[in-house]
Amino acid sequence: EAGVTQFPSHSVIEKGQTVTLRCDPISGHDNLYWYRRVMGKEIKFLLHFVKESKQDESGMPNNRFLAERTGGTYSTLKVQPAELEDSGVYFCASSPPYTFGSGTRLTVV
Amino acid sequence: GNSVTQMEGPVTLSEEAFLTINCTYTATGYPSLFWYVQYPGEGLQLLLKATKADDKGSNKGFEATYRKETTSFHLEKGSVQVSDSAVYFCALSEGPYGGATNKLIFGTGTLLAVQP
């Protein structure tokens, strides 16, 4: 069975540019989550989808971040415009059971 | 609010040494507790979990006991191997289904380096 797939695995962009991260959950998983780990700190929750609906987006840092899950399948997380402090590793997970992807390492220079 | 505090690393041990990584939590209800591991170049993997007080989670020689009275979930292993080198994250989740459909709250992670 395929796991949670994220791409790209790495992305380096300049400040002010736009980046879109994609997450393909495990087939049949209604729940999809985005998390972020910045500068070796704790992994922080960003938001939670149930199917195509945003169940909880309390962790989204600001309105430069936009998450979508059209059709309740894959999800995208867009950062526009990117700032230096957005650098980190972005993890996606789906459940149940909780399964994480390998993450996207975003570097904003 | 809910939070998780775990010991800072890095922790450097020799092979076959005893490992303890401390984790304490703050929660308003009765959370489920987890240890996740991230091996170099890989994603997060669930190592073990416990869903109620006094439960012991175990996997691959690692153990952790849910201690409600001390709000702790310390990770232990009797004899570490080089292959255990990784970052370990303590986490909690509140809500039903053992946290299967709720957000996770993580600690900062502890880097473990095991030397031969």
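Quick note: structure is the one above.
Residues numbered from 1 in each chain as written. Chains lettered and ligands numbered in written order. Predicted model: local features only at pLDDT ≥ 70, side-chain atom pairs only at ≥ 80, totals over all residues. Heavy atoms only, no water.

**A word on the sheet that holds strand 8 (residues 75-79) of chain A**
All names here are of chain A.
Turning to step 1, where the next piece is worked out: Here we have 4 strands laid out as an open sheet, ordered 1-3-8-7, and antiparallel in their pairing. Here the strands that pair on one side only, and so sit at the sheet edges, are strand 1 (5-7) and strand 7 (65-68). Taken pair by pair, the neighbouring strands of this sheet meet at an average axis angle of 15°, ignoring direction.
Turning to step 2, where the next piece is worked out: Where strand 1 meets strand 3 (residues 19-24), 3 bridges bridge the pair, whose relative direction is antiparallel. Within strand 3, the residue paired with Phe7 across the bridge is Arg22. (Pairing = 2+ DSSP bridges. Helix = DSSP H or I, 4+ residues; strand = E, 2+ residues; numbered from the N terminus. Axes fitted to C-alpha atoms, helices over the stretch in contact; angles between N-to-C directions.)

**A look at unusual backbone geometry**
Turning to step 1, where the next piece is worked out: Following A:Gln80, the chain continues into A:Pro81 via a peptide bond in cis, with omega recorded as -10°.
Turning to step 2, where the next piece is worked out: Looking at where A:Pro81 falls in the secondary structure, it is placed in the loop between strand 8 and strand 9 (88-95).
Turning to step 3, where the next piece is worked out: Residue B:Pro10 is bonded to the preceding B:Gly9 through a cis peptide linkage, with omega at 0°.
Turning to step 4, where the next piece is worked out: In this structure, A:Lys51 is a non-glycine residue whose phi angle is positive, near 55°.
Turning to step 5, where the next piece is worked out: Considering the arrangement of structural elements, one finds A:Lys51 in the loop between strand 5 (43-50) and strand 6 (53-56).
Turning to step 6, where the next piece is worked out: With a phi close to 75°, B:Glu16 is a non-glycine residue in the positive phi region.
Turning to step 7, where the next piece is worked out: With respect to the helices, strands and loops of the structure, B:Glu16 is situated in the loop between strand 2 (11-14) and strand 3 (19-21).

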